[in-house]
Amino acid sequence: MDKIETWAELGALAAEVASQFAFDLSARMAPINIAAFVLICLGVYLFTRPGGGFLAWLFPKRIYRSASFGLDIKIFLLNQLLRLGIVASYAFFTGATAALVFFVTGGAQIEPNITNPILVAGVILLGADFTTYWYHRFHHDVAWLWPIHALHHSAEELNPVTAYRHHPLFEIFGGIAAALMVGFVQGLLLAFVVGEFDPAVVGGANLFFAVFNLAGANLRHSHVWLSYPRPLGYLFISPAQHQVHHSIDPAHHNKNYGEVLAIWDWMFGTLYVPDGYEKIEFGLGDGKGGRMAQPHPDLKSALKVPLRDVAAALRRKPG
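In what follows, the accompanying structure is described. Everything numeric in this text was worked out from a predicted model, so none of it was measured.

Parameters at a glance
Residues numbered from 1 in each chain as written. Predicted model: local features only at pLDDT ≥ 70, side-chain atom pairs only at ≥ 80, totals over all residues. Heavy atoms only, no water. Helix = DSSP H or I, 4+ residues; strand = E, 2+ residues; numbered from the N terminus. Contact = heavy atoms within 4.5 Å. Areas by Shrake-Rupley, 256 points an atom, 1.4 Å probe, with all protein chains shown as cover. Buried < 20%, exposed > 50% of the residue type's maximum accessible area, 1.4 Å probe, protein only. Core = buried A, V, L, I, M, F, W, Y, C linked by side-chain atoms within 4.5 Å. Salt bridge = Lys/Arg side-chain N within 4 Å of Asp/Glu carboxyl O. Expected span 1.5 Å × (residues − 1).

To continue, consider the overall build of the protein chain. For the protein chain, the helix and strand inventory stands at 15 helices and zero strands. Considering only intrachain contacts with a sequence separation of at least 6, the fraction spanning at least 24 residues in the protein chain is 72%. In the structure as shown, the protein chain presents an accessible area of about 16500 Å², 68% of it carried by carbon and sulfur atoms.

Set out below in structure tokens:
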């Protein structure tokens, strides 16, 4: 009886994880986003004519039978089960923080400057994307944060599940920290630029991210090259530009931190817009173009090694 109850509980957990993605358009694993991924890839396949069957090209064995993909799946499932313990979603932390900052700064006393809900949602998007850029960049620039983020970059074959290849500390606590940072910036924008707080409009900004996911966000972590015409590459981060971010080529290091918009990379000198197709090797590089030995060959090391390296970085003397 105990075994039956255990399996029933596991089944219920699996169903809950599946439902999160089935009905959450902001989740890249949502069925509609996977369908959009396949359709966009079909367009790329028909345009580029790489040869061979479409499914064999889209799901090559070298990627989907690799140890890297297997580890991606394990980390993804582990993190989803751990996230079930978080009662409030990250969106709650973002909205609550934005509301708190708005009212603490006296935003309710400021005459509204922007009243169009689409423009307000656009301002909210700018705040979220600007904060995400710096949050991402900090994980590359700060010595004790990099080991946690390095797990994501150690993937040697990219696939849509790689987007979830994060250490539990990054996935849970980092997600809350990011939500608080985004909420803080959004609250300031609402107080001093918009002048009005409407939870429905703030939540409506998620529509932009839903469109972003539909427009090919899953291609960012894939072997399918899709770049934008050069002028657009200065405004929006294409899937190819994010693939460049994962490259071991020194020319690509510390480039393209942006999530949706490329303007922050352009503004702060970290933008790389490819002129055409570039053959990219993914993983951790040694700074000279060579591939480093895989520090996370299995789930145990993926959980243990980042913590060890964070402790070592914290003990290291400045300079």
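Read on, since the account is not over.
Take the environment of valine 193 next. Turning to its location among the elements, valine 193 is positioned in helix H9 (residues 168–194). Given the relative accessible area of 33%, valine 193 is considered partly exposed. Residues valine 193 and isoleucine 114, 79 residues apart in the sequence, show an inter-C-alpha distance of 7.4 Å. Leaving out residues up to four positions away in the same chain, valine 193 has contacts with Asn113, Ile114 and Leu188.

Moving on, we get to the environment of valine 44. Position of valine 44 among the secondary structure elements: in helix H2 (residues 31–48). Sequence-wise, valine 44 and valine 224 are 180 residues apart; in three dimensions their C-alpha atoms are separated by 8.0 Å. Setting aside its immediate chain neighbours within four residues, valine 44 contacts Arg49, Trp57, Val224, Trp225 and Leu226.

We now examine the side chain of serine 68. Position of serine 68 relative to the elements: it lies in helix H5 (residues 67–83). Apart from residues lying up to four places away in sequence, serine 68 is in contact with Ala155, Glu156, Glu157 and Arg165.

This part takes up the nonpolar core. Membership of the largest hydrophobic core is limited to 11 residues, which are Ala98, Ala99, Phe102, Ile114, Val120, Val123, Ile124, Leu190, Ala191, Val194 and Phe197. Of all the secondary structure elements, the ones that give two or more residues to this core are helix H6 (90–104), helix H7 (117–141) and H9. Ranked by size, the runner-up nonpolar core spans nine residues in total, among them Cys41, Tyr45, Phe54 and Val224.

Moving on to the pattern of salt bridges. Counted by the stated rule, this structure contains nine salt bridges. Between arginine 291 and glutamate 156 there is a salt bridge, and its shortest N-O distance comes to 4.0 Å. Placement of the pair is arginine 291 in the loop between helix H14 (263–268) and helix H15 (299–315) and glutamate 156 in the loop between helix H8 (146–153) and H9, with a sequence separation of 135 residues. Glutamate 156 sits in the partly exposed class, given a relative accessible area of 27%. Between glutamate 259 and arginine 220 there is a salt bridge, with the nearest N and O atoms lying 3.6 Å from each other. Residue glutamate 259 is found in the loop between helix H13 (239–245) and H14, and its partner arginine 220 is found in the loop between helix H11 (206–214) and helix H12 (230–233); the two are separated by 39 residues along the sequence. For arginine 220, a relative accessible area of 2% translates into the label buried. One continuous salt-bridge network, built from bridges that share partners, spans Arg28, Arg220 and Glu259.

Between its terminal C-alpha atoms H2 stretches 26 Å, which fits the 26 Å expected from 18 residues at 1.5 Å a residue. Every buried residue of H2 is accounted for by Asn33, Ala36, Phe37, Cys41, Val44 and Tyr45. Two residues or fewer past H2, arginine 49 is found with a positive phi of approximately 50°.

The next point concerns unusual backbone geometry. In this structure, asparagine 254 is a non-glycine residue whose phi angle is positive, near 60°. For asparagine 254, the position within the fold is in the loop between H13 and H14. Unusually for a residue other than glycine, asparagine 256 sits at a positive phi of about 55°. Looking at the element boundaries, asparagine 256 is found in the loop between H13 and H14. When its relative accessible area of 0% is taken as the criterion, asparagine 256 is described as buried.

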